[in-house]
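Given next are the chains, with one letter for each unit.
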Amino acid sequence: MNKFLFYLVQWTWGIIQNLLGLILFLFLAGRNHRVFHGAVITTWKLGSSLSLGMFIFTARPYDLKLVQHEYGHTAQSLILGPIWSFVIGLPSLIWCGCFSKYREKHNISYYSFYTESWANKLGEKYK
């Protein structure tokens, strides 16, 4: 996808998650930023990574596997647009924040959940 089309789709079809991402970027982002296939990768001090449209926040900005995974969520935003928050964002947030003990107890990979496995599959295409 060319850059113009990427940004056009993100800021129309994916406007909700991009506005939220922009707000976080403006108020919570660190000073270290870079671009990865059109997405803005920002270092922040929170432990977890988060993707909101074309904005990716991570404590480990140069971990390629992590960046690819988070970019997979960016691709999901392009595909799902306004329903991304309900289909991916909220379920992913709940899976991350509420089920860590369950995953550990039952030896279940974080990436086995549909939101995360799909993000991995989409993100693997980008180096």
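Peer 1: Got a sec to walk through the overall build of the protein? Specific residues and values, please.
Peer 2: Looking only at helices and strands, the protein has six helices and four strands in total. When the 127 residues of the protein are sorted by exposure, 41% land in the buried category. Counting contacts in the protein only where the partners sit at least 6 residues apart, residues at least 24 apart contribute 54% of the total. Entry remark: accessible area of the protein is about 7500 Å², with carbon and sulfur atoms responsible for 67%. Distance between charge centres in the protein, computed from 12 positive and 5 negative side chains, equals 4 Å.

Peer 1: So what about the environment of D63? Which residues, and what values?
Peer 2: You can see D63 is positioned in the loop between β4 (55–58) and α3 (64–80). Assessed through its relative accessible area of 26%, D63 is described here as partly exposed. One polar contact links D63 to R60, side chain to side chain, over a distance of 2.9 Å.

Peer 1: Now, about a nonpolar patch on the surface: what can you tell me, with residues and values included?
Peer 2: Judged by side-chain polarity, L90, L93, I94, F99 and Y102 come together as a nonpolar surface patch covering roughly 470 Å² of accessible area. The element best represented in the nonpolar patch is helix α4 (residues 84–98), accounting for three residues. Within the fold, L93 resides in helix α4.

Peer 1: Before we move on, could you go through the pattern of salt bridges and cite the residues and values that matter?
Peer 2: Scanning all chains against the criterion turns up one salt bridge. Ionic pairing is found between D63 and R60, a salt bridge with its closest N-O pair at 2.9 Å.

Peer 1: How would you sum up the sheet that holds strand β1 (residues 33–36)? Please name residues and give values.
Peer 2: Adjacent strands of a sheet form backbone hydrogen bonds with each other and so pair up, either parallel or antiparallel. In space, the four strands of this open sheet follow the order β1-β2-β4-β3, with mixed pairing throughout. Since the sheet does not close on itself, it has two edges, and those belong to β1 and β3 (50–52), each with one partner. Across the sheet, the axes of successive neighbouring strands diverge by a mean angle of 20 degrees, strand direction being ignored. Here helix α2 (residues 15–28) sits on the sheet and contacts β1, β2 (39–43), β3 and β4; the angle it forms with β4, its principal contact strand, is near 45 degrees.

Peer 1: Explain unusual backbone geometry to me, and be specific about the residues and the numbers.
Peer 2: Of note, H37 is a non-glycine position whose phi angle comes to about 50 degrees, a positive value. Residue placement: H37 occurs in the loop between β1 and β2. Here N107, not a glycine, exhibits a phi torsion of approximately 55 degrees, which is positive. Tracing the backbone shows N107 in the loop between α5 (100–105) and α6 (114–123).

Peer 1: Give me the lowdown on the packing of aromatic side chains, citing residues and values where you can.
Peer 2: Going through the model one piece at a time under the given rule, you end up with 11 aromatic pairs. Here the aromatic rings of F25 and F55 are separated by 5.6 Å at their centres, their planes lie at 40 degrees, and the arrangement is tilted. Of this pair, F25 sits in helix α2 while F55 is found in strand β4, placing the two residues 30 residues apart along the sequence. Residue class for F55 comes out buried when judged on its relative accessible area of 5%. Sitting above the plane of the W95 ring, R103 keeps its charged end 5.0 Å from the centroid.

Calculation notes
- Residues numbered from 1 in each chain as written.
- Predicted model: local features only at pLDDT ≥ 70, side-chain atom pairs only at ≥ 80, totals over all residues.
- Heavy atoms only, no water.
- Helix = DSSP H or I, 4+ residues; strand = E, 2+ residues; numbered from the N terminus.
- Buried < 20%, exposed > 50% of the residue type's maximum accessible area, 1.4 Å probe, protein only.
- Contact = heavy atoms within 4.5 Å.
- Areas by Shrake-Rupley, 256 points an atom, 1.4 Å probe, with all protein chains shown as cover.
- Lys, Arg positive; Asp, Glu negative; His and termini not counted.
- Charge placed at Lys NZ, Arg CZ, Asp CG, Glu CD.
- Polar contact = N/O pair within 3.5 Å; in protein donor to acceptor, adjacent residues only side chain to side chain.
- Patch = residues over 30% accessible without salt bridge, like charges linked within 9 Å, V, L, I, M, F, W, Y side chains within 5 Å.
- Salt bridge = Lys/Arg side-chain N within 4 Å of Asp/Glu carboxyl O.
- Pairing = 2+ DSSP bridges.
- Axes fitted to C-alpha atoms, helices over the stretch in contact; angles between N-to-C directions.
- Phe/Tyr/Trp six-rings, centres within 6.5 Å; stacked < 30°, edge-to-face > 60°.
- Lys NZ or Arg CZ within 6 Å of the ring centre and 35° of its normal.

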